[in-house]
Each structure stands twice: as C-alpha cells, then as structure tokens.
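Structural description and commentary
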Amino acid sequence: MSQNNFFEVVPLELYLRIFSQLDIQSLCRASMTCKSWNHRIKTTDSLWEPHCLAVRAVCKREIDDDLNSGYSCRDTLLRNYQKSQVKLDWLCGRYSNIRSHIGLPEKIMYPMDAETWGEILEAELKRYVQKSQAELIPLRI
C-alpha cells in the first residue's frame, strides 16, 4: 500500500484513531508526509480539539474568543500555542528570580495583552507573599 492510497484503503475511523493518538509535533510532521495526509489532518478538526483544549487550560479567554469567533480548533491552536507555552512558563515561576530584562530569554518576549500580564503579575505577587510568609514563620521541630 502506498502513501497515496492510504485514505482510500483504510477506514475513516481507523485513521482518525491512529492520528488522534499523536501529540502536536507528530501530528504536524504527519501532515507533511504527503498532500493527502496534509489535507485530511488539516481539515479534521477533531484531531486538533484535544490539543486546543489542553492549551485552553492556560489561555482560556483567548481560546474561547477564537472558537466563538469561528476559528477552527487547528487555527485556534496555531494562533495560541506559542503564547500558551510562554504564559505557562511565567505562571509557573520559571522567570521569578530574574532581576533584569537582560536575563530573560528572547523567546519569552511574546506579545501579550494587559489581561495576560495581569494574570502573570498576580501569580508573581502570590509567590512573593508565600515566600515572604515562609521566611517569617520559624520552623518548629
């Protein structure tokens, strides 16, 4: 069986099941295999939905806005994936101890709106307060 007739021979349910097991990177790589794979993967929104929902955990407002505006799950994911990775790193405190903009990696300077920066600053403030409280409470053994 050649790549060109894969979708003609394999039942729709089977190829959807196979492709639905792929992570984002593998799904993108599979879409570059040939034109027919690219078309099927690109136009089958159900393959992109779980990945889109995973990004939604970090960028809920952005994902909901895009989906409500009529973007497909694939397009929504493409529009928000990089932002979600940068935002997640900030929210997890990866850059909490950097004292100057010089110490920031270039990839984290992703354009974000004021609301997103507000979320990041709230998370930083919460970490700072928790750290300060932990330093004030003496350990009792």
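Values in this document were obtained by computation on a predicted structure and should not be read as measured data.

1. Points about the side chain of Asp66
As for its position among the elements, Asp66 is in helix 6 (residues 60–68). On the basis of relative accessible area, Asp66 is assigned to the buried category, the value being 7%. In this structure the side chain of Asp66 is engaged in a polar contact, spanning 2.8 Å, whose partner is the side chain of Asn80. Look past the residues within four positions of Asp66 in its chain and what remains in contact with it is Tyr71, Thr76, Arg79 and Asn80.

2. With respect to the confidence of the model for the chain
On average, residues of the chain score 84 in pLDDT, and 88% of them are at 70 or above. Averaged pLDDT values over the elements of the chain bottom out at 72 in helix 1 (residues 6–9) and peak at 94 in helix 6.

3. Details of the nonpolar core
Core analysis: the largest hydrophobic core is formed by 17 residues, its most contacted members being Phe19, Leu27, Ile41, Leu47 and Trp48. When contributions to this core are tallied by element, the ones reaching two or more residues are helix 2 (12–20), helix 3 (24–31), helix 4 (35–43), helix 5 (45–56) and helix 7 (73–91). Sorting elements by how many residues they give to this core places helix 5 first, with four residues. Not counting residues up to four positions away in its chain, the partners in contact with Leu47 are Leu16, Phe19, Ser20, Leu27 and Ile41.

4. Some remarks on the environment of Ile24
Here Ile24 lies in helix 3. Here the alpha-carbon distance between Ile24 and Trp48, two residues 24 residues apart in the chain, equals 8.1 Å. Not counting residues up to four positions away in its chain, the partners in contact with Ile24 are His51, Leu77 and Tyr81.

5. Examining the packing of aromatic side chains
Taken as a whole and assessed by the stated rule, the structure comprises three aromatic pairs. Their ring planes at 70 degrees and their centres at 5.3 Å tell us that Phe19 and Trp37 sit as a pair that is edge-to-face. Of this pair, Phe19 sits in helix 2 while Trp37 sits in helix 4, and the two are 18 residues apart along the sequence. Of the two residues examined, Phe19 and Trp37, each falls in the buried class. An aromatic cluster is built from Tyr15, Phe19 and Trp37, whose rings are joined through pairwise contacts. Positioned above the aromatic ring of Trp48 is the side chain of Arg74, whose terminal nitrogen or guanidinium carbon lies 5.9 Å from the ring centre.

Quick notes on the rules
Per chain, the residues get numbers from 1 upward, laid out in the order the sequence is written. Per-residue local features are limited, in this predicted model, to residues with pLDDT of at least 70; the limit for side-chain atom pairs, both in listing and counting, is 80 or more; totals at the level of whole chains, interfaces and linings are taken over all residues. Hydrogen atoms and water are omitted, and side-chain values are computed over all heavy atoms in the structure. A run of H or I in DSSP counts as a helix once it spans at least four residues, and a run of E counts as a strand once it spans at least two, with each numbered from the N terminus. The classification of residues rests on relative accessible area computed with a 1.4 Å probe and restricted to protein chains. Under 20% of the type maximum is buried, over 50% is exposed, and intermediate values are partly exposed. Whenever a nitrogen or oxygen atom comes within 3.5 Å of another N or O atom, the pair is scored as a polar contact, on the condition that within protein one atom can donate a hydrogen and the other can accept it, and that pairs from neighbouring residues in sequence are kept only if both atoms are in side chains. Residues are treated as being in contact if the distance between any of their heavy atoms lies within 4.5 Å. Residue-level confidence of the predictor, termed pLDDT, takes values from 0 up to 100. Nine residue types can take part in a nonpolar core, namely buried Ala, Val, Leu, Ile, Met, Phe, Trp, Tyr and Cys, and a core is a set of them joined through side-chain atoms within 4.5 Å. Two rings belonging to Phe, Tyr or Trp (six-membered ring only in the last case) form a pair when the distance between their centres is within 6.5 Å. Interplanar angles under 30 degrees mark stacking, angles over 60 mark edge-to-face geometry, and anything in between is tilted. Only lysine NZ and arginine CZ atoms are considered, and such an atom sits over a ring when it is within 6 Å of the ring centre and within 35 degrees of the ring normal.

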